Amino acid sequence: MAELPGAGGTASTIVIVDVPRSDLSPPRLAEAMAIYVEAMGYPPASGAQRGTHMLRHAGFDSFRCRAALNADGKMLGFGYGYTSLPGQWWHDLVLRAVDGDTAYWLGSAFELSELHVLPAAQGAGLGERLLRSLADGLPHRTMVLSTPEGENRAWRLYRRLGFYDLARNHLFPGDHRPFGVLGARLPFPSPTEPGAGDQLSG
């Protein structure tokens, strides 16, 4: 197995671990937000603001977080989410934008809030491992998310796991970039299941 440049390990030595709220110490949270900033190309100051949101989300009973750690315990990627409910900022905005059966897609949905892998560790399947770990055993009917528009690894991952278009080119307050809103039925198709990589829409 080849080394992951700048990641300090190989894909086979990287483990996916659960990160409960009690493990979100200031150093660990800062590590996650550094990944967020680098992966998204945001100014460093945006990490502190997003970290505050993550801590608030970690207070939800349905909060679930996973991290990819190398053999030295360094975080290479993370993802988290929670049950999407009326009254939440993202849920209420997306509810008005979804073109389709909102009761189906949002009535029993796990909202993927963040999923990021360090650029140096991308391309080795860590995003998919994190996402599958987050989805494993969820009681929800669907998983929903929003991601910036554009052909990139994130979109290819979501298509591979069966995410449908729920809304395209959606604009969120305070962000000039258009986003795609996507939803997938749970559980995800297995990696060997026919149709697992189909391009889906609608």
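Reading guide: rules and limits
- Residues numbered from 1 in each chain as written.
- Predicted model: local features only at pLDDT ≥ 70, side-chain atom pairs only at ≥ 80, totals over all residues.
- Heavy atoms only, no water.
- Helix = DSSP H or I, 4+ residues; strand = E, 2+ residues; numbered from the N terminus.
- Buried < 20%, exposed > 50% of the residue type's maximum accessible area, 1.4 Å probe, protein only.
- Contact = heavy atoms within 4.5 Å.
- Areas by Shrake-Rupley, 256 points an atom, 1.4 Å probe, with all protein chains shown as cover.
- Polar contact = N/O pair within 3.5 Å; in protein donor to acceptor, adjacent residues only side chain to side chain.
- Pairing = 2+ DSSP bridges.
- Core = buried A, V, L, I, M, F, W, Y, C linked by side-chain atoms within 4.5 Å.
- Axes fitted to C-alpha atoms, helices over the stretch in contact; angles between N-to-C directions.
- Salt bridge = Lys/Arg side-chain N within 4 Å of Asp/Glu carboxyl O.

Overview of the overall build of the protein
Secondary structure assignment for the protein yields 6 helices and 9 strands. Expressed as a percentage of its 202 residues, the buried residues of the protein come to 48%. Residue pairs at least 24 apart in sequence account for 68% of intrachain contacts in the protein once pairs closer than 6 positions are excluded. Accessible surface computed for the protein: about 9800 Å², of which carbon and sulfur atoms make up 54%.

Describing helix α6 (residues 153–160)
Those residues of α6 that fall on the buried side of the exposure criterion are W155, L157, Y158 and R159. Summarising the contacts, the buried residues of α6 are in contact with β6 (109–117), α5 (126–135), β7 (142–148), β8 (164–171) and β9 (178–185). In this structure N152 caps α6, since a side-chain oxygen of it lies 3.1 Å from the backbone nitrogen of A154. At the exit of α6 stands G162, carrying a positive phi of roughly 90°.

With respect to the pairing of strand β5 (residues 75–83)
Burial runs high along β5: 9 of the 9 residues are buried. The sheet contact formed by strand β4 (residues 64–69) and β5 spans 6 bridges and is antiparallel. Bridge pairing links A67 to F78 in β5. From the end of β4 to the start of β5, which pair antiparallel, there are 5 residues, and G73 there has a positive phi angle of about 85°.

Digging into the nonpolar core
Of all hydrophobic cores here, the largest spans 44 residues; its most connected members are M54, F78, L131, M143, Y158, F163 and F188. Contributing elements (two or more residues each) for this core: α1 (26–40), β4, β5, β6, α5, β7, α6 and β9. The biggest single contributor to this core is α1, with 6 residues. In contact with L131, other than residues within four places in its own chain, are L112, L115, M143, L157, Y158, L161, F163 and F188. With 14 residues, the next largest nonpolar core counts L93, L166, F179 and V181 among its residues.

Remarks on the sheet that holds β6
The 7 strands are arranged β3-β4-β5-β6-β7-β9-β8 in an open sheet whose pairing can be described as mixed. The open sheet terminates on both sides in strands that have one partner only, identified here as β3 (15–18) and β8. Between one strand axis and the next, the sheet turns by 20° as a mean value, whatever way the strands run. Both β7 and β9 contribute to a ladder of 7 bridges, which runs antiparallel. Paired with P148 across the two strands is F179, which belongs to β9.

Quick look at the pattern of salt bridges
By the definition in use, this model includes 10 salt bridges. With a shortest N-O distance of 3.0 Å, E128 and R132 are connected by a salt bridge. Of this pair, E128 and R132 both sit in helix α5, 4 residues apart, which is roughly one turn of the helix. Residue E128 is classed as buried on the basis of its relative accessible area of 18%.

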